[in-house]
Structures are given as structure tokens and as C-alpha cells.
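The residues making up each chain are set out below.
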Amino acid sequence: MRPTASSGPQHPPPPDGAPFALIEKGVHGLTLHALNAAARGAGLWRGQAHADACAMLPRLISAPAEQDRDLAALKRLALWAERFSPSVAIDTLMPGFEGLFLDMTGGAHLFGGEAAMLADLRGRLARAGVEAQVAMADTPAAAWALARFSDRAETLAPAGAMREALARLPVEGLRLEAKALALLKKFGLKTIGDLYALPRAGLARRFRGEIGFRVVERLDQALGFSNEALDPERPPPSYRVWTPFAEPVIDMAGVGVHLPGLAEALCGQLSRDGRGARRLRLTGFRVDGRVTLIEAGLSAPAATAAHLIRLLREKGLERLDLGFGIDALMLSAERAEPLEARQARMDEAADLAPPQALAALIDRLQAKLGEPAVRRPAFKESWVPERSEVWAPAGAEPPPAPERDDARLRPILMFEAPEPVQTLAELPDGVPARFIWRRASRRVVKAEGPERLGAEWWTEPASRSERTRDYYRVEDENGRRYWLYREGLYGREDADRSPSWWIAGVFA
Amino acid sequence: MSLTLLAPLPTPDPTLFPGVCEPLEEVGAAEPADAAAAFAFALGRLAGREDIRPVVLVTTGLWLRERGRPFARGLAFWGLGPERLIWIRADKEGEALWALEEALKSGAAAGGLASVEAPPFVATRRLDFAARAGGALGVLLRAGPTGDLSAARRRWRIKAASSSLHQFDPAAPGRVRLQAELVRRRDGPPGAWTLEQDDETGRLGVVAGLAGHGLDATDRQLGTAASAAA
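Residues numbered from 1 in each chain as written. Chains lettered and ligands numbered in written order. Predicted model: local features only at pLDDT ≥ 70, side-chain atom pairs only at ≥ 80, totals over all residues.

### Details of the overall build of chain A
Scanning chain A from terminus to terminus reveals 14 helices and 21 strands. For chain A, with 508 residues in total, the buried portion stands at 36%. Summarising the internal contacts of chain A: among those between residues at least 6 apart in sequence, 55% fall at separations of at least 24. (Helix = DSSP H or I, 4+ residues; strand = E, 2+ residues; numbered from the N terminus. Buried ≥ 20, exposed ≤ 12 C-beta atoms within 10 Å, placed from the backbone. Contact = placed C-beta atoms within 7 Å.)

### Observations concerning the overall build of chain B
Of regular secondary structure, chain B possesses 7 helices and 10 strands. A buried classification covers 55% of the 230 residues belonging to chain B. Long-range contacts, defined here as pairs at least 24 residues apart, represent 71% of the contacts in chain B between residues at least 6 apart.

### Regarding the pairing of strand E20 (residues 481-487) of chain A
Along any regular strand, the residues point their side chains to alternate faces of the sheet. Residue and element names in this part refer to chain A. Burial analysis of E20 places 6 of its 7 residues in the buried class, the great majority of the element. Counting the residues between successive antiparallel strands, the hairpin from strand E19 (residues 469-476) to E20 contains 4 residues, one of them, Gly 479, with a positive phi of roughly 85°. Pairing analysis gives 6 bridges linking E20 to strand E21 (residues 500-506), with the strands arranged antiparallel. Paired with Trp 483 across the two strands is Gly 505, which belongs to E21. (Pairing = 2+ DSSP bridges.)

### Re the environment of Pro 19 of chain A
Residues and elements named next belong to chain A. The topology assignment puts Pro 19 in the loop between strand E1 (2-3) and strand E2 (20-26). Separated by 41 residues in the primary sequence, Pro 19 and Leu 60 place their C-alpha atoms 5.3 Å from one another. Every residue in contact with Pro 19, bar those within four places of it in the chain, is listed here: Asn 36, Ala 38, Ala 39, Ala 42, Leu 57, Arg 59, Leu 60 and Ile 61.

### Some details on the interface of chain B and chain A
Chain B puts 45 residues into the contact, and the matching count from chain A is 43 residues. Put simply, the parts of the chain that give the side of chain B that touches chain A at least two residues each are helix H2 (35-47), helix H3 (61-67), strand E3 (69-70), helix H4 (72-75), strand E4 (85-89), helix H5 (93-106) and strand E7 (154-161) of chain B. Of the residues in the side of chain B that touches chain A, the class split is 29 nonpolar, 7 polar and 9 charged. As defined by bridge partners, strand E13 (residues 374-379) of chain A adjoins E4 of chain B across 2 bridges and the pair is classed as antiparallel. The partner of Val 374 of chain A across the bridge, within E4 of chain B, is Ile 88 of chain B. (Nonpolar A, V, L, I, M, F, W, Y, C, P; charged D, E, K, R; others polar.)

### Structural notes on the environment of Phe 77 of chain B
When you line up the elements, Phe 77 of chain B lands in the loop between H4 and E4. C-beta crowding within 10 Å serves as the criterion here: with 22 such atoms nearby, Phe 77 of chain B is assigned to the buried category. Here the alpha-carbon distance between Phe 77 of chain B and Asp 199 of chain B, two residues 122 residues apart in the chain, equals 8.5 Å. Residue contacts for Phe 77 of chain B: discarding those within four places in its chain leaves Ala 407 and Arg 408 of chain A together with Gly 202 of chain B.

### Details of helix H4 (residues 114-127) of chain A
Along an α-helix, residues three or four positions apart point the same way, because every turn accommodates 3.6 residues. Residue and element names in this part refer to chain A. The terminal C-alpha atoms of H4 lie 20 Å apart, and with 14 residues this matches the ideal 20 Å at 1.5 Å per residue to within 8%. Every buried residue of H4 is accounted for by Met 117, Leu 118, Leu 121, Arg 124 and Leu 125. Down the axis of H4, the buried side of the element spans an arc of 135°, and every buried residue falls inside it. Facing away from the buried side of H4 by more than 90 degrees, the exposed set consists of Ala 116, Gly 123 and Arg 127. Elements in contact with the buried residues of H4: strand E7 (132-136) and strand E8 (154-156). (Expected span 1.5 Å × (residues − 1). Arc of directions from axis to C-beta.)

### Digging into the confidence of the model for chain B
Residues and elements named next belong to chain B. Mean pLDDT over chain B: 82, with 83% of residues reaching 70 or higher. In the model, residues 210-230 has pLDDT below 50 throughout and makes 27 contacts with residues more than four positions away in sequence or in other chains. For this predicted complex, the interface score ipTM comes out at 0.84, while the overall pTM is 0.67. (pLDDT = per-residue confidence, 0-100.)

### Some thoughts on the sheet that holds E13 of chain A
Overall, mixed pairing links the 11 strands, which are arranged E14(A)-E13(A)-E4(B)-E2(B)-E5(B)-E6(B)-E1(B)-E7(B)-E8(B)-E9(B)-E10(B) in an open sheet. Of all the strands in the sheet, just strand E14 (389-393) of chain A together with strand E10 (204-206) of chain B have a single pairing partner and so form its edges. Strand-to-strand twist of the sheet, defined as the mean angle between neighbouring strand axes without regard to direction, takes the value 30°. Pairing of E7 of chain B with strand E8 (residues 177-185) of chain B involves 8 bridges; the strand directions are antiparallel. Of the residues in E8 of chain B, the one forming a bridge with Ala 160 of chain B is Leu 178 of chain B. (Axes fitted to C-alpha atoms, helices over the stretch in contact; angles between N-to-C directions.)

### A few points about helix H12 (residues 305-315) of chain A
Residues and elements named next belong to chain A. Of all the residues in H12, the buried ones are Ala 305, His 307, Leu 308, Leu 311, Leu 312 and Lys 315. When H12 is viewed along its axis, its buried side chains cluster within an angular range of 165° and face the same direction. Just downstream of H12 lies Gly 316, where phi reads positive at about 105°.

### Digging into the environment of Pro 338 of chain A
Residues and elements named next belong to chain A. Residue placement: Pro 338 occurs in strand E12 (residues 326-338). Taking the number of C-beta atoms within 10 Å as the measure of exposure, Pro 338 has 10 and is therefore exposed. If near-sequence neighbours (up to four positions away) are discounted, Pro 338 is found in contact with Gly 274, Arg 275 and Pro 301.

### A look at the sheet that holds E2 of chain A
Residues and elements named next belong to chain A. If you walk across this open sheet you meet the 3 strands as E3-E2-E4, and the pairing is mixed. The open sheet has two edge strands, strand E3 (29-35) and strand E4 (61-64), and neither has a second partner. Strand-to-strand twist across the sheet, computed as the mean angle between neighbouring axes with direction ignored, equals 40°. Strand direction decides the pairing type here: E2 and E4, joined by 4 bridges, are parallel. Bridge assignment links Ile 23 to a residue of E4, and that residue is Pro 64.

### Considering the packing of helix H11 (residues 252-272) of chain A against H12 of chain A
All names here are of chain A. Following both chains from N to C, one finds H11 and H12 inclined at 130°, their axes separated by 9 Å at the closest point. Considering their axes alone, H11 and H12 lie oblique with respect to each other. As H11 packs across H12, the resulting crossing turns out to be right-handed. Facing H11, whose interface residues are Leu 259, Pro 260, Ala 263, Glu 264 and Cys 267, H12 presents Ala 305, Leu 308, Ile 309 and Leu 312. A per-class count over the contact of H11 with H12 returns 8 nonpolar, no polar and 1 charged. (Parallel < 35°, antiparallel > 145°, perpendicular 65-115°, else oblique. Left-handed = near helix turned anticlockwise from the far one by under 90°.)

### Notes on the packing of helix H5 (residues 140-149) of chain A against helix H10 (residues 211-223) of chain A
All names here are of chain A. Two elements in contact, H5 and H10, have axes separated by 5 Å at closest approach and are oriented at 90°. The angle between H5 and H10 falls in the class roughly perpendicular. Taken together, the residues of H10 that come into contact with H5 (itself represented by Ala 141, Ala 142 and Ala 145) are Arg 218, Gln 221 and Ala 222. Looking at the contact of H5 with H10, its residues break down into 4 nonpolar, 1 polar and 1 charged.

### Points about the confidence of the model for chain A
Residue and element names in this part refer to chain A. The share of residues in chain A with pLDDT of 70 or more is 92%, and the mean pLDDT across the chain is 84. Ranking the helices and strands of chain A by mean pLDDT puts strand E17 (residues 432-437) first, with 92, and E1 last, with 42. Scored below 50 in pLDDT, residues 1-10 shows 28 contacts in the model against residues more than four places distant or in partner chains.

### Observations regarding the pairing of strand E5 (residues 111-116) of chain B
All names here are of chain B. Within E5, 6 of the 6 residues are buried, which leaves it mostly tucked inside the rest of the structure. Here E5 shows a buried face lined by Gly 111, Leu 113 and Ser 115 and a second buried face lined by Gly 112, Ala 114 and Val 116. The pairing of strand E2 (residues 55-59) with E5 spans 4 bridges and is classified as parallel. Paired with Val 58 across the two strands is Ala 114, which belongs to E5. Sheet topology note: the E5/strand E6 (residues 137-142) ladder contains 6 bridges and is parallel. In the sheet register, Gly 112 faces E6, and the bridge partner there is Gly 138.

Okay, structure coming up:
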């Protein structure tokens, strides 16, 4: 499938039939990057100098090429093309001949046969404003050549007849580099059929270096004698269900009506294999050749239709941008994991057992608030308090308990970064008698400490350059308790910096 | 439905500290600096019963900057093991209330607390229903004193108090003490108690020397002041 080069939307499209070209800055000045049919018909070609082209055709309309946006448009189209096949690859091997590969193996009958599928594909693209040439063949290489050099917009090469189908196409259809093409032309080899008669060994030897092998390899790939792997844009999901609509659906109510059926079908597929979804994606295929999708993650595999529907609703169906309507809806489990079988409850009171209820709760909260918003503690064995514990995005399993148990001496609230305090002390390295924190002065009535906590000796020197910390639990005259620490030792550590006082956290 | 709600409540002895949490209670700090004490008291209300389901802490954007993050190693001392903790950081107060409601009614959580500024009355009522539906306890944590309309059955005002005498070291802080003032309750007159944390269980109880008396002289004044205010 080969769409013609796209132009940026900020430029007004050229009037129909007017020659139009996208230009890019090259080593030798401005050159033509892509042309429309009218410009090609006037005898211009890709790579021609812009000045030359203007001399030949003064009324040529041109705009700067934006290749990253071309690629983005192609990617959007690749997502949309997933309505025909779960495996869609973007082909950017030959500049100027970009396109898409759809792996339709065993899938064409779903669209009424190969010819009907091609017509459907091209018709939908045309309605979305994408002028495309499509071809179907036994091998990707043959389809590539037919889509670009066939004289028809839809070409269907009959199975097992690649030789005949390709024979009349020019050698450019083999995806060869310019040097090889020039050599082939020099020998008078103009069509792919011309190469069939030549002995393979001689053909490979005829050219210097790799080029000869490349010609043979490409020919073999086209004729199906050697393999060609496609790299799909997204790994095909293992479980997907979809439903096409006779009329485009333009409102959320329509989506809401079809969602339960899709979810039921997907859960049927999943539970047949004893698996549950970990990542869900709802994709709407729009009539304008784009897709719109929402995704939701699950903290534990689930294959309950009600839960999946609720999750997607929580995520917000209204975030689907339906545009002028969607003509197909797909629900896929991008990731699936084995579902642990659980004993069903005898009483029907609770439809979810508590562990599943917790997983479902975490899913719903994460779907609405975002994954990092819901956290559970995770512990590291470190003496440095702020390093000993982090809050990690929650999963369904509880974290392992920490090894050391010194909860009485630990605050209930810790500051993300310790805050500095000013202190007044009777002895330089003793407990402060007063300290000022957040502009309020507090008198220390009771204190316990020091508890000396330092970085571990096995950590890297960079982090060990931290100074020794002496932690104190102090209580002020109002009975509020704080965790203060002094960083550095008087006169012994880092003599040019005097020790500083910090507040690390607050006790109850 | 309203009939079940209006079931007669046994009239409690007003001098006894109500140790069992109602489905929805409100805990406020007497002063902003007492927020940590209020937080610990709220956790104590939630952890107070035999339940192994997790407890949900919901905070809004301000919390982290102002008060820091919950420290699971220290919270373990208040009867909440790290395996039971789930911390939810919501951006807005509406989201925080929604998250707490979801957690309470899911049946997956033993309880939850949300730190909020000014929850609308309807939201507190929804929380009350959600807590009953899920068999959970809900606590609304307020930064300052509270006086607005709320469906919470009890409203507490918490103030830090000087800790008890340390067993071995008179200069060190001993067992944690709090002053808990019950500003308003549905089922009886307000009261005030000085609570002390039990070193072994982590639970809060009425200070041993005062057990049975309920209120000591100063607290009695607080209690009367509160009832006058109510």
C-alpha cells in the first residue's frame, strides 16, 4: 500500500490538478522531495533541483517538506490499518517509496476475499482523502513492486504466479540502490523479467562488491525463494476482538452499547486459555483514516467483563475522539498473564473475593488518578532513613516487610528533603536547647539520642562523602516530637564546614 | 432505607472514652502544628480493630510539601504494618474524596483516611454510606478546627501532650500522649481525654492513672468549654 506524499495541514492544499511539490534542502541546494500526479505528468522527478523544475514548469506550487510529520502521518495510518490485520509494518527502506506492509495471511476471507479486501482498503483510504495504490502478492517484495509499478491502482497477483506478475515491471521494483540500477540499465536490463533468463552465478559476479548479491537476494525475495521478515509497528496483541459498524458511530452512546459485547467476547477468549488481561486497549477506527484509543492497566490479571468495562469507563470513554465517526471498534488485551484459579464462593453475596477486590480497587484508582498516584511502600536495607524506604506504584501483592524493626524510634511523617533548622545549644556537640523551624522557636524539653546513622561502608565513595549524622528525638514544651539531626562532627569531620542541623521528620 | 439508619442507639456513658470507631469520623488538629498528632490519632482509630485488610491514606497536593510523606517504618508502631498501607496522592480535593469513597465501598479496605480542607456535606454523607456498605471505617483528617456541616458521627480535636516519664531516662521522651477532645458526637455529650500509647500494642488508651475517672481537673474544664461551644 502506498499513500502519496503528505503535505502539512498548515499549508492550504493546492487546487486540484495543479502541479505541486514538496521541496527539501539538500547538499546541492533545494531539490524536489515529493510530487503530485500533475507535477509528475509535467515531466518533473524526485530529486530534481528546484530551480530546474521551476524553469521547466513556472507554475509549480511548492512547500517545504517535513519528513518527521510525514513519518508521523504514516504511523497514524499504520495504526488505522490494524483494522485489517494485527500485524502492520511501516516501510521506509527506499526514500520516496514509503508505504505500509499488511500481513494478511489467512485473514482476507474476513473481508470477503482478497479482491474485495483490496477494494475495501483502497475505498476507505480514498474516502479519508488518502490516494493509495494497493497490491497483494505472495511475498512482501512482490507486493512492494506491484503496489508501486503496476499500472493499476489495485493489483492482485494470483497465488503461485509471482514470476509472471513481476516480469513486466521495471527493475526499480526490486528496491535496489541507485548504483545497481544504473549498472542494470547499462546492460540493457530494463524489466524484472529480463533478469530471469540470466544465470544466477553470473548475475552475482557481474557486479563489483555487494551489489551483485543484493540483486540476486532481492530477486529471490520477490519470487519467494528467500525469506523476508517484517517488523510490525506494534507487536500484534494476542487477544483481540472487534466489531465493524454498517454506519459510522458518532457518539459515545454508540460506543457504550457495543462495549459490553466486546468485553464479553474478549473475556471468553481469555478465559478459554486461562489467562487474564494486564493491559487493555480500546481502539476506534475513524472514517478519516485515523485511530483513537484509550488504554488501561490492571494490577492483576483479570478476565471479568464487568471489571474491564468499568475500568475503561473510569478511564473515560469521552477521551475517545470520534471525529466524524468510527466504523469499527476493537478491544484488545495487549498483555495477558495466566489467571490463578480461585475457588468460587458458595454464597453469592460477594461477586469478588477480597484479593481480587483489592486488585480491582487499585486498577480503578490508577485508571482515574494515574499509575504513580497509588502507591505502596517498598523497603531497601539502608541506614540512611530517606533512602531506606520508597513509595512504589502499587501492585496487587503487598511488599515484603522490612528486616529491622525500630518503629518506636522512627517518625510517622518524613520530609521529602530535610529542612534546615537554626539551633541554640549549651554544648557545641550536644542537644540543642532551642531550635527555630519554619520561623517558630521551640524549646527542647526532652531529648533522646544521639542515634548515629551514616552511609554504609560498601556504598560508592561519592555517596559516602556525606557526613556523619547524629539523630535526636526531641520534644518541645507543647509535647510535639521531632526528629532532628546534626550533620557533621565538630572539629573532626570536614573542618572548614561547621556542622549543620536539620529536621528529618515528625513524630506523633 | 432511612428506617435502618434510625435504629435506636444505646446511650453511652459519656465519661468513657469511645474506643471503637464509627463508620465516619472527623479528626482535626487543634493547631496546624498538631497535624502529626491528629494523623497518628486517626490511624489509631482505623487500626483499632482486628482486620487484615489494607488501609488507604489519601492526601492532596499540599500534604507532601507541608507535612512530608508517610513513613511506613514509623507507622508500623501505630499498629499498621507496611503490607496494609496504600497511599493515594490526589491532585484535587474532589479526587481525594472520590478515591476514599471508592476504597471504602469496595470492601477491599479496612478503612481509609483522607486529608481534606472543606468537604461538602453531600460528600461526607456519601462517605458515610460507602463506609457502611463496605464494612469499613472512614476518617476525614482536617488541618484546622472544624465547625461546618458534616455527616461524621464524631468529631475530634487533637492536641499533642507532654509524653509520660521515661522508665529509665528522665531526660528522654516517654510514651506518646495526646489530648483528644470529642467536640461533637451524635450519641451523647462531648468529652475530653488524655490518651497514652501502649508501648506493646501501639494502641491509644486512657492514661492509666486516670482510668475510671474519665476526666481530670483540667480536662474537665476543656470538656465543659467544648460542650458550651457545641
